[in-house]
Structure formats: C-alpha cells, structure tokens
Amino acid sequence: MSDLIFLDSAGSSIPPAEVVDEVIGHLRRETEIGGYRAAAERRDDVEAGYGVLAEFFGCEPSEVAFTDSATRSWLTAFDAVPLGKGDRVLVTEVEYGGNAVPMLRRAEETGATIEVMPSDAHGQLDVDALDLDERVKLISLVHAPTNGGLVNPVSEVTAKAHEVGALVLLDACQSTGQIDLRGLDYDMLVCTGRKWLRGPRGTGALVVRDEVRRRLKPRLMDHSAAEWVAPDRYEPRDDARVFELWEYSVADRLGLIAAVKYALAKGPDVIEAEVQDRAKRLREGLADIPGITVQDLGERRSGIVTFTSDRVPAMELKDRLWRENVAVTVSQKGSTLIDMTRRGLDEVVRASPHYFVTPQEIDQALERISRSG
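Bear in mind that the values here come from a model prediction, so they are computed numbers and not experimental data.

Asker: Any chance you could explain the overall build of the protein here in plain terms?
Answerer: Helix and strand content of the protein: 12 helices and 15 strands. A buried classification covers 54% of the 373 residues belonging to the protein. A sequence separation of at least 24 residues applies to 71% of the contacts in the protein between residues at least 6 apart. Counting only carbon and sulfur atoms, one obtains 49% of the accessible surface of the protein, whose full area is about 16,300 Å². Averaging the positions of the 46 positive and the 63 negative side-chain charges in the protein gives two centres separated by 3 Å.

Asker: Mind showing me how you'd approach the layout of surface pockets here?
Answerer: Rolling a probe over the atoms, with the probe sized like a water molecule, indicates the empty space that remains. The calculated volume of the largest pocket comes to roughly 570 Å³. Surrounding the largest pocket, 18 residues form its lining, Ala39, Val46, Trp246, Tyr248 and Val250 being those nearest its centre. Broken down by secondary-structure element, the contributors of at least two residues to the lining of the largest pocket are helix H2 (35–41), helix H3 (43–57) and helix H8 (250–266). Here the residues of the lining of the largest pocket are counted per class, giving 9 nonpolar, 2 polar and 7 charged. In this structure, the second largest pocket occupies an estimated 390 Å³ of space.

Asker: I would appreciate a short explanation of the sheet that holds strand S2 (residues 64–67) in the present structure.
Answerer: Two modes of strand pairing occur in sheets, parallel and antiparallel, and in both the strands are linked by backbone hydrogen bonds. One open sheet holds the 7 strands; their spatial order is S2-S8-S7-S6-S5-S3-S4, and the pairing between them is mixed. Lying at the two open borders of the sheet, with one neighbouring strand each, are S2 and strand S4 (113–116). Shown here is a sheet whose adjacent strand axes are inclined to one another by a mean of 20 degrees, direction ignored. Two elements, strand S7 (residues 188–192) and strand S8 (residues 204–208), share 5 bridges in a ladder whose sense is antiparallel. Among the inter-strand pairings, threonine 192 is bridged to a residue of S8, identified as glycine 204.

Asker: Help me understand the pairing of strand S5 (residues 136–142), please; the structure alone is not making it clear to me.
Answerer: Across a regular strand the side chains alternate sides, sitting on one face of the sheet and then on the other. Across the 7 residues of S5, 6 count as buried, placing the element largely inside the fold. Direction of pairing for strand S3 (residues 88–91) relative to S5: parallel, over a ladder of 4 bridges. Bridge pairing links leucine 90 to isoleucine 139 in S5. Examined bridge by bridge, S5 and strand S6 (residues 167–171) share 5 bridges and lie parallel to one another. Bridged to serine 140 within S6 is leucine 169. A crossover links S5 with its parallel partner S6, the connecting element being helix H6 (residues 155–163), and its sense is right-handed.

Asker: Can you help me understand the packing of helix H9 (residues 268–287) against helix H12 (residues 359–372) in this one?
Answerer: Between two packed helices, the angle of one axis relative to the other and the distance separating the axes together describe the packing. Relative orientation of the contacting elements H9 and H12 amounts to 25 degrees, with a least axis distance of 10 Å. By the angle between their axes, H9 is roughly parallel relative to H12. Our pair here, H9 against H12, has a crossing hand that is right-handed. On H12, the residues that touch Arg278, Arg281, Leu282, Gly285 and Leu286 of H9 are Pro359, Ile362, Asp363, Leu366 and Ile369. Its residues placed into classes, the contact of H9 with H12 shows 6 nonpolar, 1 polar and 3 charged.

Asker: Would you mind going over helix H5 (residues 97–110) with me for this structure?
Answerer: Residues spaced three or four apart along an α-helix face the same direction, because each turn holds 3.6 residues. Between its terminal C-alpha atoms H5 stretches 20 Å, which fits the 20 Å expected from 14 residues at 1.5 Å a residue. Taken together, the buried positions of H5 are Asn99, Pro102, Met103, Arg106, Ala107 and Thr110. An end-on view of H5 places all buried positions within 145 degrees of arc, on one side of the element. Turned more than 90 degrees away from the buried face of H5, the exposed residues are Val101, Arg105 and Glu108. One or two positions beyond H5, positive phi appears at glycine 111, with a value near 85 degrees.

Asker: Please explain the side chain of asparagine 99 as it appears in this structure.
Answerer: Locating asparagine 99 in the fold gives a position in helix H5. A distance of 2.8 Å separates a polar atom in the side chain of asparagine 99 from a polar atom in the side chain of glutamate 95.

Asker: Sorry, what's going on with the packing of aromatic side chains here?
Answerer: Any aromatic ring pair is given by two values, namely how distant the centres are and how the planes are angled relative to each other. Under the counting rule described, the total for this entry stands at 6 aromatic pairs. Between phenylalanine 6 and phenylalanine 356, the aromatic rings sit 6.4 Å apart at their centres with planes inclined by 35 degrees, giving tilted as the arrangement. On the criterion of sequence distance, the pair formed by phenylalanine 6 in strand S1 (residues 5–6) and phenylalanine 356 in the loop between strand S15 (347–351) and H12 is long-range, its members being 350 residues apart. Phenylalanine 6 sits in the buried class, given a relative accessible area of 12%. Of the residues examined, phenylalanine 356 reaches a relative accessible area of 27% and is grouped as partly exposed.

Cut-offs and rules
Residues numbered from 1 in each chain as written. Predicted model: local features only at pLDDT ≥ 70, side-chain atom pairs only at ≥ 80, totals over all residues. Heavy atoms only, no water. Helix = DSSP H or I, 4+ residues; strand = E, 2+ residues; numbered from the N terminus. Buried < 20%, exposed > 50% of the residue type's maximum accessible area, 1.4 Å probe, protein only. Contact = heavy atoms within 4.5 Å. Areas by Shrake-Rupley, 256 points an atom, 1.4 Å probe, with all protein chains shown as cover. Lys, Arg positive; Asp, Glu negative; His and termini not counted. Charge placed at Lys NZ, Arg CZ, Asp CG, Glu CD. 1 Å grid on protein atoms, 1.4 Å probe; cavity = no way out; pocket = protein on both sides within 12 Å on 5 of 7 lines; lining within 4 Å. Points joined across faces, edges and corners; volume = space filled by probe spheres on them. Nonpolar A, V, L, I, M, F, W, Y, C, P; charged D, E, K, R; others polar. Pairing = 2+ DSSP bridges. Axes fitted to C-alpha atoms, helices over the stretch in contact; angles between N-to-C directions. Right-handed = clockwise from strand over helix to strand, strands pointing away. Parallel < 35°, antiparallel > 145°, perpendicular 65-115°, else oblique. Left-handed = near helix turned anticlockwise from the far one by under 90°. Expected span 1.5 Å × (residues − 1). Arc of directions from axis to C-beta. Polar contact = N/O pair within 3.5 Å; in protein donor to acceptor, adjacent residues only side chain to side chain. Phe/Tyr/Trp six-rings, centres within 6.5 Å; stacked < 30°, edge-to-face > 60°.

The following block contains the structure:
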C-alpha cells in the first residue's frame, strides 16, 4: 500500500530503513557464523547502546537497562518496589489495564491499597489535589494515555512525591519518541521501542535512577544480573542492568539502538514540534467535520488524537478507513477502564501521526474521514 497514510505510530510505527537494515543484517550474519559469534562481533556496539539511550533520556548509562517491552520494564520495576500491609499505591485516572492488573494482584498479596488520584477540569492529574502521606510508597504516573491526547505533569508530581519519600514510576510508552523527555524528574521510567521510537517490536527500556535503585529489591534475577560467587552466595550488579535477563535478541537490540540514534540525529525537540504540528492540524480538521467529535482532554496535548462518529461505530470506521488507505486503530474501554467509564465512552478511534506524515497527507486523511464517518 504505497499510498498508505499511516496514522498509527501510537500502536506500532514504521521503522526507518536504518533500523530494518541493522536487524536484518545481523540476522543474516547469524546464519553465516552462528548467534554467539555474531553477537561477539557486535559486543562493543551493544555496550555503547547504554550511552546512546542515556543521551536520549538525559540520564547516566548506569541508569539504563534494556528489556523486551514496556510491559516487561514496568512489571520488573513495579515488582521491585517493597510493599506491605497499609502501604498506598496511587494511580492516575488514565492508568493502563496492563499496569492495573498486576497492581491489583499484588495488592491482594501484600495488603497494600490502590487508590485513584483525581484529575482536574482539563483531564490531567490535579497536582494540587494530591493526598500524600508517609504511607504512599509509589505513584504510577502515565505520561501520555493510550486513549487520548493529554500529557500529565511529571516533575511537579515527583517533587511532591519526594516530600513524603514516595517513588514515581513513569509510564512513558506513549511519550518516548514523540516528546522530549530530557530534563524530566522521575525515579523510574519505562518505554517501548515499537511505538514513537520507530524501533523493532520486542524491544523496550527501563531507566532507574542510581539513588533509587538501592531502595528496590528486584526478584527476577539471573546470572547476568548477579554473580554467583559461592555455593550459598551471590552479588547483584550495582547498576540498572540488575533488571536485565541474560537472553535477548541481539538483532532487535541493535535495531533499537539504531532507532534511538536516528531520533537523536533528528533531534527530540524537533520531533516533538513536528508531531505537535501534525496532531494539531488533524485535531482542528476533525473538529470541523459534522458528526465527528474529538475526545482529547488536557491543556498540553500529545500526538495522539482520538475521536468518535455520531453515525459509524469506531471499529467499523477504522475498517472503512483502512480500505481508504488510512491506518488508524481503536482504543477500547478495557485498556483505560477508569477514564473511559468516567467519560461514558466504550471505544474511540485513535490516530497518531508521526513527523514523517506530511501536512498534505493529514488533509487527505481528513477528506477520507469525512467520506467514511
């Protein structure tokens, strides 16, 4: 579909040729000399990847761990936070289902409570209304939700959390690669490679601040996370790689590093500005189409644009648009249950234009949405 207008980078974006070449090239090398030898040839490049990601996030290389997904990153970090009876874990109204389920399960096991923080009139987290005390051990903060365009405040929340000794786990799976994250204050950050970073599927990263790592107790550890020094003793690594597992796809990791290099070369600030431009153009155009309602909240908005049609259900509209060579997806109630229930929504069409979508393509997509919806 050479004329496809791709508006689904919040799902799984289109990787640059450099990323594809890196992944396929390494897989081909594995067929020539085997996986171990091929990995040995690229050992220095993989090692340098920690510095590449550190530059992208504005952190130290010792604070970076590679994973196979945002989900793996989040579960690994959350599982390492000590929790006990009476402890409080706070979540946003736009919390992901993938985070909510393990939190509820662990609350059952530990006696901790999961509490929803209020949103303000614009839909983002109301920092002034935060109810914090020494029982709060963790704030699970969704930066940009999957079902709408708002962007939650980060550094302001972290400042208040630190007043009571709480940690902030930032879910940046929908902001990494479209929003410049350098300079944000948080304790842990999780992201995926397949969305706005334009990396391979099956890749992700975890950032854990050095001063925070010593407060955590990772449970899923193997012999790459710790050294077996005696029959009855092990010594964990003293960096974020304590959260990594030994086995991984070298090809995919090289692809993720290539994707981050690509983003750095273009400039995270430049990417953010261009994504904002495309999303604003799309959002304003949708608002002018009769029968279409833009469902985005927030004073500051991301590149995610959600909408509904008065005439066509979201899933049907998505399929109609695919036949018109416009790629969008649908965000359903179960993925962000609290927010969607509060707003009386069962599903929304989600469009997420990246910088490689031209303004002219945005206008063409609007014409096709007007015909289809």
